[in-house]
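# Descriptive analysis of the structure
Given next are the chains, with one letter for each unit.
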Amino acid sequence: MTKKILKAIKILIIMTNIVFADSDIENLEDVTVTANKIEENIQYIPQSITVLDHEEIKAKEIKTISDVINEIPNMTSTPDRGIKVNFRGINASLFTENNPVVVYIDGIPISAKRSYITSFENIERVEVLRGPQSTLYGKDAIGGVINIITKEPNNETNGSIGFEYGSDNYMRNTFNINTPIIKDKLFFNINGDIFSDNGWITNTYNGDDKAAKENNRNFSTSLYYKVTDKLSTKLVLKNNRSKNYGFNGYGIATVDPFGTPIYADFSDFKRDRAENHGFEMSSYEKYTINSQALNINYDNKNYTFTSTTTHSKTSVNGKYDLDYTNGTYLDNSTMFNDETANNYSQEFRISNKQDNGIRWIGGIYLDTEDKNYDPYGTHTIIYGTDIGKTNMKSNLDSDTQAIFGQAIIPIDEQFDLTLGARYQRIKKKIDYEYYNNNVKLLGYNSKKTWNTFIPKIALDYKLNDNFSPFISISRGYMPGGFNTAATTSNINDNTFEPQQSTNYEMGIKGNFKDFYFTASLFRMDIKDIHVYRRLTSGQVYTDNADKAHSQGIEFDFHYFPTSNLEITGAFGIIQTEYDSYNVGDYNFSGNKIETTPSHTANLSIIYNNPSGFYARTDVRNQGSMYFYDDLNKSFVKEDSNTLINAKIGYKFSDWDIYIFGKNLTDEKYINMYETNSYFSYASFGDPRFFGLGIKYTF
């Protein structure tokens, strides 16, 4: 495989020389990123990176991490008690509930699917590192990293206040204030995003037209202290709270109230039916995330030393209609979840600042997490008879230690070689007890340690000042663990191994006059995928599928045809397959990896008139994809969909007034589908939406 890729990149270099040898080329402004935890020109980093600056974030109405994901080729998200991310065929872990793409905000890592929330009101830029980043970023970065960079403070007081209102009583209030406390020394920021929405679901059981309402509140504050010209510190405090009610879909039970089996076909689910559907109880999920980070940076002429200390506490409380519908044998049955997680992390790293010669970075990383579920289970009522409550109580501890390093080695004036490695040790232990009506029926406790070496190698070729082919091979890692919903005391049935990936990528970065782009080819080999082991008896256990792969192309660009017009786009095509997925009594080898669209395509056109008028339109097409149907042990297909968004506004003085619309063609599509032996259920993308807003910037 490596020899084939090296041969291919040589051909790519020759072709690029032929095409661009005599081109009339002009340089664009250099873009500096911190993707490898040191400042570098994006043009010469040998990996695919998407950068969204604060102007693009504002113009495209990017307000959430999901909005960022929608901009990235071959990256998608699925709503399911939080946000589940798929990138290049790698899904969120079924058992740890962590995503394969880790979000970093001021050094605070976020991978849990319920934690993908933050305020976007003080963002300088977002760097999306595509492909495994486990060498520098550690566990769970098996697919990529979203690095969110906040604005640097200065001696001027500045900020903004905004308000939006839209369909379904949508309201969003935002604010951001940066101010110096002591000139050149001490700086303060506070920002927030308060959001509410009545939703588009009406519960016909009780006439509640706010059955799927949402209330979110995201606050962040920071204190930056420049102790000396070389030493600085930054303290960041964040509070995120989300309350979600109901469900943007519905369920179909597999047995009717008279005991007759029901076959729920994928085609039976329609958004029109979801808009008016009955639920005998109001589901809800509330989660709160409090996090703190202390960054200490010492920067002298020769090297930079950085210490990042973080803590986060996540609390989840939820109660759900067991079958997400009404008028079934499971009426008044519920699921419930009370979960807390505490995480502490510490990273020390040092890097040199040599302009010529070898550039390097190295460090150590430590983290510990304590997660508790109690209560976590179901209250089952069948045909009006109380069957009882189950509680799957568990305490899960995890400790990670790692040492890492990476070096950029110039071979000659045109070639740079990047070598990286991480040695990581993860130790986990669990104490688990299963109760029925407060009577303990079973339990188990176990501990296990995983040691792994994660290498990376990459090569960048500076063809000229504007074009740089590259090649890279990198590994990704997602930890293993234990079953927190076990129905047996057998430790082997309740343990799953780490999931790993190896990514081979070749591409080219370039700019030609007012057009700059990244194009790449990739193949990812995935092994030990986190899956359930399924038996014909109905029992399921944690397990790993042996092998899968994905391969495809990605292309993204920015084009400035005039000083008033910007066109951006991203396109990705992917093919996936389970090479070996034989678990329990079922063999799913040969199937495509679920929730992986066959392609993604984005196109945005932004126009800014010197008078203050501006307009923007975004088109996103997502290809067909498959969902896994566990009830029928098959994979079902959802067709492609196209969403069109637009925004028109006028800026004058310090004011911005605008109107915007989303899903203007009112596309109807399923974005989540699951089945089990009790019911099938699906959720749908939001219908057509209109809103207006006003923002004051000072």
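Residues numbered from 1 in each chain as written. Predicted model: local features only at pLDDT ≥ 70, side-chain atom pairs only at ≥ 80, totals over all residues. Heavy atoms only, no water.

Time to look at a nonpolar patch on the surface. A cluster of nonpolar residues, Phe-163, Tyr-165, Phe-613, Ile-648, Tyr-650, Phe-652, Trp-655, Ile-657, Ile-659, Leu-692 and Ile-694, forms a patch on the protein surface that exposes about 970 Å² of accessible area. Of all elements in the fold, only β10 (158-166), β38 (641-652), β39 (655-662) and β42 (689-697) reach the threshold of two or more residues within the nonpolar patch. With respect to the helices, strands and loops of the structure, Phe-163 is situated in strand β10. Residue classification places Phe-163 among the partly exposed residues on the basis of a relative accessible area of 32%. (Patch = residues over 30% accessible without salt bridge, like charges linked within 9 Å, V, L, I, M, F, W, Y side chains within 5 Å. Areas by Shrake-Rupley, 256 points an atom, 1.4 Å probe, with all protein chains shown as cover. Salt bridge = Lys/Arg side-chain N within 4 Å of Asp/Glu carboxyl O. Helix = DSSP H or I, 4+ residues; strand = E, 2+ residues; numbered from the N terminus. Buried < 20%, exposed > 50% of the residue type's maximum accessible area, 1.4 Å probe, protein only.)

Here we take up the packing of aromatic side chains. Each aromatic ring pair is specified by the distance between its two centres and by the angle formed by the two planes. Per the stated rule, a full pass over the model turns up 44 aromatic pairs. Ring geometry for Phe-415 versus Tyr-461: centroids 4.7 Å apart, planes at 45°, classification tilted. Placement of the pair is Phe-415 in strand β23 (residues 415-436) and Tyr-461 in strand β24 (residues 439-461), with a sequence separation of 46 residues. Exposure remark for Phe-415: the relative accessible area of 24% places this residue in the partly exposed category. (Phe/Tyr/Trp six-rings, centres within 6.5 Å; stacked < 30°, edge-to-face > 60°.)

With respect to topology, three strands assemble into an open sheet ordered β16-β41-β40, the strand pairing being antiparallel. Where the open sheet ends on each side, the last strands, each with one partner, are β16 (249-253) and β40 (670-675). For this sheet, the mean inter-axis angle between neighbouring strands, taken without regard to orientation, is 15°. One ladder, built from five bridges, connects β16 with strand β41 (residues 679-684); its direction is antiparallel. The partner of Gly-249 across the bridge, within β41, is Ser-683. (Pairing = 2+ DSSP bridges. Axes fitted to C-alpha atoms, helices over the stretch in contact; angles between N-to-C directions.)

Further remarks concern the nonpolar core. Taken as a class, soluble globular proteins show a tendency for nonpolar side chains to be buried jointly. Counting 22 residues, the largest nonpolar core has Tyr-116, Phe-120, Val-126 and Ile-146 as the members making the most contacts within it. Residue assignment for this core shows that the elements contributing at least two residues are α3 (65-69), β5 (83-87), β6 (98-105), β8 (123-130) and β9 (144-150). Once residues within four sequence positions are removed from consideration, Phe-120 is found in contact with Ile-57, Ile-62, Lys-63, Thr-64, Ile-65, Val-68, Val-126 and Ile-148. Residues Val-33, Ile-38, Val-102 and Tyr-365 belong to the second largest nonpolar core, which totals 19 residues. (Core = buried A, V, L, I, M, F, W, Y, C linked by side-chain atoms within 4.5 Å. Contact = heavy atoms within 4.5 Å.)

Our focus in this paragraph is the layout of surface pockets. In this structure, the second largest pocket spans a volume of roughly 1,400 Å³. Examining the composition of the lining of the second largest pocket, we find that six residues originate from one element, strand β20 (residues 334-352), more than from any other. (1 Å grid on protein atoms, 1.4 Å probe; cavity = no way out; pocket = protein on both sides within 12 Å on 5 of 7 lines; lining within 4 Å. Points joined across faces, edges and corners; volume = space filled by probe spheres on them.)

A few words on the pattern of salt bridges. All chains considered together, the criterion is met by 36 salt bridges. The shortest N-O distance in the salt bridge between Glu-61 and Lys-63 comes to 2.1 Å. By relative accessible area, which is 8% here, Glu-61 ends up buried. Judged by relative accessible area, which is 12%, Lys-63 ranks as buried. A salt bridge links Arg-114 to Glu-97; the shortest N-O distance between them is 3.0 Å. On the criterion of sequence distance, the pair formed by Arg-114 in the loop between β7 (108-112) and β8 and Glu-97 in the loop between β5 and β6 is long-range, its members being 17 residues apart. Members of the salt-bridge network, linked through shared partners, are Arg-88, Arg-130, Glu-505, Glu-554 and Asp-556.

Looking now at the sheet that holds β8. Within a sheet, adjacent strands bond to each other through the backbone by hydrogen bonds, running parallel or antiparallel. Spatial ordering of the open sheet is given by β3-β8-β9-β6-β7, a layout of five strands whose pairing is mixed. Each edge of the open sheet is held by one strand with a lone partner, namely β3 (49-53) and β7. Strand-to-strand twist in this sheet, taken as the mean axis angle between neighbours without regard to direction, amounts to 15°. Bridge count for β8 against β9 is seven bridges, and the pairing is antiparallel. When the bridges of β9 are listed, Arg-130 appears paired with Gly-144.

For β40, the buried fraction is high: five of the six residues fall into the buried class. With five bridges joining them, β40 and β41 adopt antiparallel strand pairing. Note that in β41 the partner of Thr-675 across the bridge is Ser-680. In this antiparallel pair of consecutive strands, β40 and β41, the connection spans three residues.

Looking now at the confidence of the model for the protein. Scored by pLDDT, the protein has a mean of 91; 95% of the residues are at 70 or more. Note that pLDDT drops below 50 for residues 1-29; the model gives that stretch 43 contacts with residues more than four away or on any other chain. (pLDDT = per-residue confidence, 0-100.)

A few words now on unusual backbone geometry. The step from Asp-374 to Pro-375 runs through a cis peptide bond, and the omega angle for that step is -5°. Along the chain, the position of Pro-375 falls in strand β21 (residues 359-382). With a phi angle near 60°, Glu-61 is a residue other than glycine that sits in the positive phi range. Within the secondary structure, Glu-61 is located in the loop between α2 (54-59) and α3. Backbone geometry at Arg-88 places phi at a positive 50°, although glycine is not the residue there. Relative to the assigned elements, Arg-88 resides in the loop between β5 and β6.

Time to look at empty space enclosed by the protein. A water-sized probe, rolled over the atoms, reveals where empty space remains. Under the defined criterion, the tally for this structure stands at seven cavities of 30 Å³ or more. For the lining of the second largest cavity, the per-class residue count stands at 19 nonpolar, 15 polar and 12 charged. (Nonpolar A, V, L, I, M, F, W, Y, C, P; charged D, E, K, R; others polar.)

A surface patch of like charges, here positive, comprises Arg-425, Lys-427, Lys-429 and Lys-447. Looking at which element gives the most residues to the positive patch, the answer is β23, with three residues. Mapped onto the secondary structure, Arg-425 falls in strand β23. Using a relative accessible area of 38% as the deciding quantity, one classes Arg-425 as partly exposed. (Lys, Arg positive; Asp, Glu negative; His and termini not counted. Charge placed at Lys NZ, Arg CZ, Asp CG, Glu CD.)

Attention now goes to the side chain of Asn-621. Within the secondary structure, Asn-621 is located in strand β35 (residues 613-622). From its side chain, Asn-621 meets the backbone oxygen of Asn-641 in a polar contact 3.3 Å long. Side chain to side chain, Asn-621 and Thr-642 meet in a polar contact 2.7 Å long. What Asn-621 contacts, discounting residues up to four positions off in sequence, is His-599, Thr-600, Ala-601, Asn-641 and Thr-642. (Polar contact = N/O pair within 3.5 Å; in protein donor to acceptor, adjacent residues only side chain to side chain.)

By the bridge criterion, seven bridges tie β10 to β42 in an arrangement that is antiparallel. Residue Ser-160 lies in a different strand from β42, and its bridge partner there is Thr-697. For β39 and β42, the ladder comprises eight bridges, and the chain directions are antiparallel. Looking at β42, one finds that Lys-662 is bridged to Phe-689.

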